[in-house]
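# Secondary and tertiary structure notes
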Amino acid sequence: MSKIKAAITSVGHFVPPKVLTNFDLEKLVDTNDEWIRTRTGISERRVAEGGGTSDLAVPAVQMLLKNRGIGAEEIDVIIFATVTPDMFFPATACVLQEKIGAKKAWGFDISAACSGFVYAISLGAQLIETGAYKKVLVVGADKMSSIMDYTDRNTAILFGDGAGAVLLEPSSDEKLGVLDHKLYSDGSGGQYLYMSGGGSLNPPTHETIDKKMHYLVQDGKAVFKVAVKGMADVSEEILQRNNLTGADVDWLIPHQANLRIIDATADRMGLDKSKVMINIGRYGNTTAATIPLALSEWWHEGKVKKGQNLVLASFGAGYTWGAVYVKWAY
Ligand code: COA
């Protein structure tokens, strides 16, 4: 019996034009370019000057639609991964639907922080595999500057704004497309990376503002330890499940949180650096956007080809982590 698989048939991305360099940050917090580059691999990041996360997603999706040669009205479903939704509700997927004119689509948001995109693409692929939908738009976008404390050197240096999107459609060949995914959560990690203010537990008050509870908080050291292991473990697991070795992988597309975490994952997979998509130096950690942003950049440079083996891997707040195996279909 033939089984439907989901192929990625188009990609798009967007970053806002304003650049915030390490040297700019030296003026805001007690840090320096050398420390940031050697500890994280980041030289600069982008920051949006207005609008919400949906406004980062719109140009990314427009690039994707143009590239595929279709209109937004053909989209069936929108899955929007973000931790910086325009508002708690309506869902940013609905905001985006209206802005791009995806009249017949339904959609929803996914909150899985830096793993938002791997969660979203795994779900999107399964919506295609059921045969129920033909065009699922999966977006990863975050305006991290909206929840950054630019007086906190532990976090302000790490994050940036950006968006990426992929289109999933039934694959014409069941051996091509999204072939496997493995996802994890561990809620015991919640205490190490969070934003406590603004939700039902701590609704906004003068006190929550004074206590800076509307900013991201991270215990970097604690997260680093589990992220290195979590991302490498799940990447190794996805290879083993599919009888692959590092030599079979054409591209690793890792979540871009810290270059040292990326290097450790590539080492564990036995991958040469030349097979790893790395753009953290230019954008920092754009949370749900890192993976589709890198994928779209590399694809537009002509480096991603039909039949290549891609592994997407992430680790983030929750904790959440996962990996996806894709055989490129077009
Ligand atoms: N500039 C200069 N010095 C800094 C600094 C900064 N921005 N931030 C911290 N330091 C100092 C610390 O105060 C510490 O000084 P001390 O030794 O005198 O106490 C020293 O640098 C080392 O700090 P430490 O926190 O141990 O650095 P680190 O090597 O762990 O790097 C992170 C910090 C945040 C870059 C790193 O822990 C990390 O990337 N964590 C995980 C991020 C992540 O993966 N997130 C998950 C997904 S979103």
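How each quantity is defined
- Residues numbered from 1 in each chain as written.
- Predicted model: local features only at pLDDT ≥ 70, side-chain atom pairs only at ≥ 80, totals over all residues.
- Heavy atoms only, no water.
- Helix = DSSP H or I, 4+ residues; strand = E, 2+ residues; numbered from the N terminus.
- Rg over C-alpha atoms; globule rule 2.2 N^0.38 Å.
- Buried < 20%, exposed > 50% of the residue type's maximum accessible area, 1.4 Å probe, protein only.
- Contact = heavy atoms within 4.5 Å.
- Areas by Shrake-Rupley, 256 points an atom, 1.4 Å probe, with all protein chains shown as cover.
- Near = heavy atom within 4 Å.
- Polar contact = N/O pair within 3.5 Å; in protein donor to acceptor, adjacent residues only side chain to side chain.
- Nonpolar A, V, L, I, M, F, W, Y, C, P; charged D, E, K, R; others polar.
- Domains from an automatic or database assignment.
- Buried area = accessible area lost by both parts, 1.4 Å probe.
- Salt bridge = Lys/Arg side-chain N within 4 Å of Asp/Glu carboxyl O.
- Core = buried A, V, L, I, M, F, W, Y, C linked by side-chain atoms within 4.5 Å.
- Expected span 1.5 Å × (residues − 1).

## Some details on the overall build of the protein chain
Along its length, the protein chain carries 11 helices and 13 strands. What you see for the protein chain is a C-alpha radius of gyration of 19 Å, in line with the 20 Å of a compact globule of 330 residues. Principal-axis analysis of the C-alpha atoms gives the protein chain an extent of 60 × 45 × 35 Å. By residue count, 54% of the 330 residues in the protein chain fall in the buried class. Contacts spanning at least 24 positions in sequence make up 76% of the contacts within the protein chain whose residues lie at least 6 apart. About 13800 Å² of surface is accessible on the protein chain, with carbon and sulfur atoms providing 53% of the total.

## Things to note about the site of the ligand
Around the ligand, the structure places 23 residues, and the nearest of them are T31, R39, R153, K221 and N258. R153 is positioned such that a nitrogen or oxygen atom in its side chain is 2.8 Å from an oxygen atom of the ligand. Within the side chain of K221, a nitrogen or oxygen atom sits 3.0 Å from an oxygen atom of the ligand. Here the ligand, which alone exposes 950 Å², has 75% of that area covered by the protein. Counting residues per element, the ones that place at least two in the shell around the ligand are α2 (33-40), α6 (153-156), α8 (220-241), α9 (259-269) and β12 (309-316). Here the shell around the ligand takes 4 residues from α8, the largest share from any one element. Here the residues of the shell around the ligand are counted per class, giving 10 nonpolar, 8 polar and 5 charged. Domain assignment of the residues forming the shell around the ligand places at least three in each of domain 1 (6-175) and domain 2 (178-327).

## Overview of the environment of L239
Relative to the assigned elements, L239 resides in helix α8. Judged by its relative accessible area of 5%, L239 falls in the buried class. In the structure, L239 is positioned 199 residues away from T40 in sequence and 26 Å away in space, judged by C-alpha atoms. The residues touching L239, leaving out its near neighbours within four places in the chain, are L244, T245, G246, V249, M269 and V311.

## With respect to the domain arrangement of the protein chain
Once the domains are mapped, the protein chain shows domain 1 (6-175) and domain 2 (178-327). Each of domain 1 and domain 2 has a C-alpha centre, and these two points are 13 Å apart. Across the boundary between the two partners, domain 1 contributes 54 residues, which contact 47 residues of domain 2. Carbon and sulfur atoms supply 64% of the area that domain 1 and domain 2 bury against each other, a total of about 3900 Å² over both sides. The tally of links between domain 1 and domain 2 comes to 1 salt bridge. Measuring nitrogen to oxygen at the nearest pair gives 3.3 Å for the salt bridge that ties K212 to D149. Inspection of the region where domain 1 meets domain 2 yields 20 residue pairs in polar contact (both at pLDDT 80 or more). Broken down by secondary-structure element, the contributors of at least two residues to the side of domain 1 that touches domain 2 are β1 (6-14), α2, β3 (44-46), α3 (53-68), α5 (116-129), β6 (136-143) and β7 (161-170). Of the residues that constitute the side of domain 1 that touches domain 2, the class distribution is 27 nonpolar, 17 polar and 10 charged.

## So, the nonpolar core
Of all hydrophobic cores here, the largest spans 39 residues; its most connected members are L216, L252, M269, L271 and V311. Taken together, the elements giving at least two residues each to this core come down to α8, α9, β12 and β13 (320-327). Counting the residues that make up this core, at least three belong to each of domain 1 (6-175) and domain 2 (178-327). Beyond its immediate stretch of four places on either side in the chain, L216 contacts M144, I147, M148, T155, F159, L193, Y194 and M195. Ranked by size, the runner-up nonpolar core spans 36 residues in total, among them A112, F117, A288 and W298.

## Topic: α8
Taking 1.5 Å of rise per residue, the 22 residues of α8 would be expected to cover 32 Å, and the 31 Å separating its terminal C-alpha atoms lies within 8% of that figure. Within α8, burial applies to A222, V223, A227, G230, M231, A232, V234, S235, I238 and L239. Looking one or two residues beyond α8, the residue adopting positive phi is N243, at roughly 55°.

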